[in-house]
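What follows is each chain in one-letter form.
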There are 2 protein chains.
Amino acid sequence: MCSLIDFCDIFTHMVNPFKIIRKDKNSGARIGKLVTSHGEVRTPIFMPVGTQATVKTLSPEELINIGAEIILCNAYHLTLRPGTKIIKEAGGLHEFMHWDAPILTDSGGYQIFSLSDLRKITDEGAEFQSHIDGKRIFLTPEESIRIQNDLGADIIMNLDECIQYPCEHDYAEIAMQRTCRWAERCKSAHANRRQLLFPVIQGGMHKDLRERCANELVKEGFPGYAIGGLSVGEERSLMYEIAQHTLRFIPECRVRYLMGVGDPRDLLECIGLGIDMFDCVMPTRNARNGTVFTRRGKLIVKNAKHIRNYGPIEAECGCYACRNYSLAYIRHLFNTREILGLRLTSIHNLYFLTELIKDARKAISENRFLDFKKAFLEQYVWKLVL
Amino acid sequence: MCSLIDFCDIFTHMVNPFKIIRKDKNSGARIGKLVTSHGEVRTPIFMPVGTQATVKTLSPEELINIGAEIILCNAYHLTLRPGTKIIKEAGGLHEFMHWDAPILTDSGGYQIFSLSDLRKITDEGAEFQSHIDGKRIFLTPEESIRIQNDLGADIIMNLDECIQYPCEHDYAEIAMQRTCRWAERCKSAHANRRQLLFPVIQGGMHKDLRERCANELVKEGFPGYAIGGLSVGEERSLMYEIAQHTLRFIPECRVRYLMGVGDPRDLLECIGLGIDMFDCVMPTRNARNGTVFTRRGKLIVKNAKHIRNYGPIEAECGCYACRNYSLAYIRHLFNTREILGLRLTSIHNLYFLTELIKDARKAISENRFLDFKKAFLEQYVWKLVL
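Computed from a prediction, not measured in an experiment: that's the story for all the values here. (Residues numbered from 1 in each chain as written. Chains lettered and ligands numbered in written order. Predicted model: local features only at pLDDT ≥ 70, side-chain atom pairs only at ≥ 80, totals over all residues.)

Visitor: Which residues make up the overall build of chain A, and what are the values?
Guide: Within chain A, the regular secondary structure consists of 16 helices and 17 strands. Along the three orthogonal principal directions, the C-alpha set of chain A runs to about 60 × 50 × 40 Å. The 386 residues of chain A split such that 53% are buried. A sequence separation of at least 24 residues applies to 68% of the contacts in chain A between residues at least 6 apart. (Helix = DSSP H or I, 4+ residues; strand = E, 2+ residues; numbered from the N terminus. Buried ≥ 20, exposed ≤ 12 C-beta atoms within 10 Å, placed from the backbone. Contact = placed C-beta atoms within 7 Å.)

Below you can see the structure in the form of structure tokens.
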């Protein structure tokens, strides 16, 4: 293990904040730790999403109790509201939102493409309209880094060009090349050495582009690498294939982050490929819609059959919601549109993923990750609705 | 003190669950304790309202941390959703909602008159349409008690006839007399000796009717008495006058509950008259609208002037919100419609009232309640908007 890490450090001329602690003998899975300015993060890790400087419905203390070690906030949203100036004056994002553990900020690349109308993209940067008030904004790679420097997250992301799915090779190549050129500019602009800067590998579903993008970015040298542009509507088998292919071109010693993935099955499959970090709004969004994870599959809280279910969502679960409340009560809270219901399902879903990943880490450390994954996937029936 | 209590017990032939601990020498204010099946409640006390078996946005643990000792739930709402059968099967309201401290349930009298259309009231009971689905429901005093027996709160309320404000003497008299007849039926129907049953004194703004109603109900004999039909739009001076007048006819040794009052000024004025218990949705409802209490008056969270206020809502406040979050952040949460904002303001407002009443208790025990009240009211400027 050490030799790999040493090689990696020599290769990129930088201290590697990531240490692999154990590798599974039968898969690409590994456990590690990532050192940040606000403490260590154990990997693999799932990052709850706190788009607007709050993980929806939850307090920081609740997140800590769930076992969350790092959260993701969104530079795009925070730039629009309340504005980076406010957050900087408040003492930075951690102080502003009362979260003293690591934070990763997404650059806003994905949001520019998914939320705003009338975007216009050139090599200089991206011009788009705010999804809040229609105001025109021009965002360059340098400005994106300056914003993220001001926010003060522990890990910040390069501005990248996200493409739609499906996307033909020609445009995917143009966007990939721009993402690489922007990566260089982001790296040059990055001025806060307490923050780790990760680039995003793009290239759509085209393997040659993924390879070229990864190689280019690795040559540039970063403390960690994200894989973007997956989980955008493609078949999951294709997602796994592209993720696996892309991973080949990222040094094994570097931390690898698969963006926007949070389905339990995807987490296990991708941990098996060697992914270390994940984020996704789905677990908390589904929770607010009343859909919760169980080991057997998803459960719809409002289903009439739960009206007299006086047991918890899941008997084996140790989360605050399952320890203290019945499904009948949570169903009542959803029926009456009471906010405590949203809180309880959000806690449950995040706890479910956090525990799943904890169990995965344990399995990796005992070289039984594949058995663990198989057992979970056999029990977890996606189409079953409880 | 003891002699009063003894007299009271002899008078009504029942054990008095309320003990006066200290009386203020210069006003009607007193501190006491009320013994219930789920523990003692110190009085004066403000009861947060958890209409639908949840104090909106908050968890039971948060309420305990705020200092809440008893909450109010609403039998009318719980009958409609999820239905008393569900709550009874779940083990009662405490178990259902994960709240192990005292609960008071309101009968639903007020809601029948404020929420439902097409109500028809006869001596037999009240016929009304559900505000949820329009279903016709016929509620008798006996049924109201049976429902509340099933819910299992520590204190339950007689079904009463609430009148509109203003209301002429003639109809106010009819409604008051019906309330008295219903009180007798409620008392006869009451079958759970672990629950304290309180009647509601009605009579509108008519002093003679208040006197007759109070005398009638006191003759019937109950462990505590509520004053209803105030804080319904009348001038606050008239409210104080009617409350003070009504109190004359309630034995001093009995616990006295003024329904629907929660404004800080009203709390202090009415504590000074000798009221022991209060409830009101206003503190939590205002919180969700972004209006919070401070010692100087109310503060509107979304006001533009708070955009760069990096201090707490109130520097002297020890609540979770004020200890950990800036007004700028809470404002951001309101602007982005984030639920944590509603939680923080709800915590603040309930903590504010709880602390105010704690301070009032201390002042009473030191015979300086009037000075305390004066100092608070001088500083608290209602029309000032911070």
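Visitor: Describe unusual backbone geometry, listing the residues and the values that go with them.
Guide: All names here are of chain A. In this chain, Tyr-165 is followed by Pro-166 through a cis amide linkage whose omega measures -5°. In this structure, Thr-57 is a non-glycine residue whose phi angle is positive, near 80°. In this structure, Thr-57 sits in the loop between strand E4 (45-47) and helix H2 (60-66). Not every positive phi belongs to a glycine, and Asn-367 is a case in point at roughly 55°. Tracing the sequence through the fold places Asn-367 in the loop between helix H15 (339-365) and helix H16 (369-379). Using a count of 15 C-beta atoms within 10 Å as the deciding quantity, one classes Asn-367 as partly exposed.

Visitor: I'd like a rundown of the environment of B:Gln244, residues and numbers included.
Guide: One can find B:Gln244 in helix H10 (residues 236-247). The spatial distance from the C-alpha of B:Gln244 to the C-alpha of B:Leu273 is 6.0 Å, given a sequence separation of 29 residues.

Visitor: Residues and numbers for the domain arrangement of chain A, please.
Guide: Size of an interface, as often reported, equals the accessible area lost when the parts are brought together. All names here are of chain A. Looking at chain A, the domain boundaries give domain 1 (2-280) and domain 2 (287-379). When each unit is reduced to the centre of its C-alpha atoms, the spacing between domain 1 and domain 2 is 27 Å. Contacts between domain 1 and domain 2 engage 28 residues on the former and 24 residues on the latter. Elements supplying a minimum of two residues to the side of domain 1 that touches domain 2: strand E2 (30-36), E4, H2 and helix H11 (264-273). At 6 residues, H11 tops the list of elements feeding residues into the side of domain 1 that touches domain 2. (Domains from an automatic or database assignment.)

Visitor: I'd like a description of helix H14 (residues 327-335) of chain A, backed by residues and values.
Guide: The element H14(A) is extensively covered by neighbouring structure, given that 7 of its 9 residues are classed as buried. By the burial criterion, the buried members of H14(A) are A:Leu327, A:Tyr329, A:Ile330, A:Arg331, A:His332, A:Leu333 and A:Phe334. Residues of H14(A) that are buried make contact with helix H13 (320-324) and H15 of chain A together with helix H5 (93-97) of chain B.

Visitor: I'd like a description of the sheet that holds strand E13 (residues 224-227) of chain B, backed by residues and values.
Guide: Residue and element names in this part refer to chain B. With parallel pairing, 5 strands are arranged side by side in an open sheet as E4-E15-E14-E13-E12. In this open sheet, the two edge strands, each paired with only one partner strand, are strand E4 (45-47) and strand E12 (200-201). Pairing geometry for strand E14 (residues 255-258) and strand E15 (residues 277-279), over 2 bridges, is parallel. Bridge pairing links Tyr-257 to Met-277 in E15. (Pairing = 2+ DSSP bridges.)

Visitor: Tell me about the interface of chain B and chain A, residues and numbers included.
Guide: Listed per partner, the contact involves 30 residues of chain B and 30 residues of chain A. Listing elements by their share of the side of chain B that touches chain A, those giving two or more residues are helix H4 (84-89), H5, helix H14 (327-335) and helix H15 (339-365) of chain B. Top element by residues in the side of chain B that touches chain A is H14(B). It accounts for 5 residues. Grouping the amino acids of the side of chain B that touches chain A by side-chain chemistry returns 15 nonpolar, 10 polar and 5 charged. (Nonpolar A, V, L, I, M, F, W, Y, C, P; charged D, E, K, R; others polar.)

Visitor: Requested: an account of the relation of the copies chain B and chain A, with residues and values cited.
Guide: The two copies are related by a screw motion: chain B maps onto chain A through a turn of 180° and a shift of 0.0 Å along the axis, at an RMSD of 0.0 Å. Such a combination of turn and shift is consistent with a two-fold rotation axis. Considering only C-alpha atoms, the part of chain B nearest the rotation axis is B:Ile339, at 3.9 Å. By residue overlap, the copies meet face to face through one surface: 100% of the interface positions of chain B are interface positions in chain A. (Least-squares fit on C-alpha atoms with pLDDT ≥ 70 in both.)

Visitor: Hey, could you go over the sheet that holds strand E2 (residues 30-36) of chain B for me, with residue numbers and the actual values?
Guide: Residue and element names in this part refer to chain B. The 3 strands lie next to each other as E1-E2-E3, forming an open sheet whose pairing is antiparallel. Because the sheet does not close on itself, it has two edges, and the strands there are strand E1 (18-23) and strand E3 (39-43). Strand-to-strand twist in this sheet, taken as the mean axis angle between neighbours without regard to direction, amounts to 20°. Note that E2 and E3 share 5 bridges and pair antiparallel. Within E3, the residue paired with Lys-33 across the bridge is Arg-42. Where H15 meets the sheet, its contacts fall on E1, E2 and E3, and the angle it forms with E2 comes to roughly 120°. (Axes fitted to C-alpha atoms, helices over the stretch in contact; angles between N-to-C directions.)

Visitor: An account of the pairing of E13(B) is requested, with residue identities and associated values reported.
Guide: Residue and element names in this part refer to chain B. On E13, burial covers both faces: Gly-224 and Ala-226 on one face and Tyr-225 and Ile-227 on the other are all buried. In terms of strand pairing, E12 meets E13 through 2 bridges, oriented parallel. Opposite Ile-201, over in E13, you have Ile-227 as the bridge partner. In this fold, the crossover linking E12 to E13 by way of helix H9 (residues 207-220) has right-handed handedness. Note that E13 and E14 share 4 bridges and pair parallel. Looking across to E14, one finds that Ile-227 is bridged to Leu-258. Tracing the backbone out of E13, into H10 and back to the parallel element E14 gives a crossover that is right-handed. (Right-handed = clockwise from strand over helix to strand, strands pointing away.)

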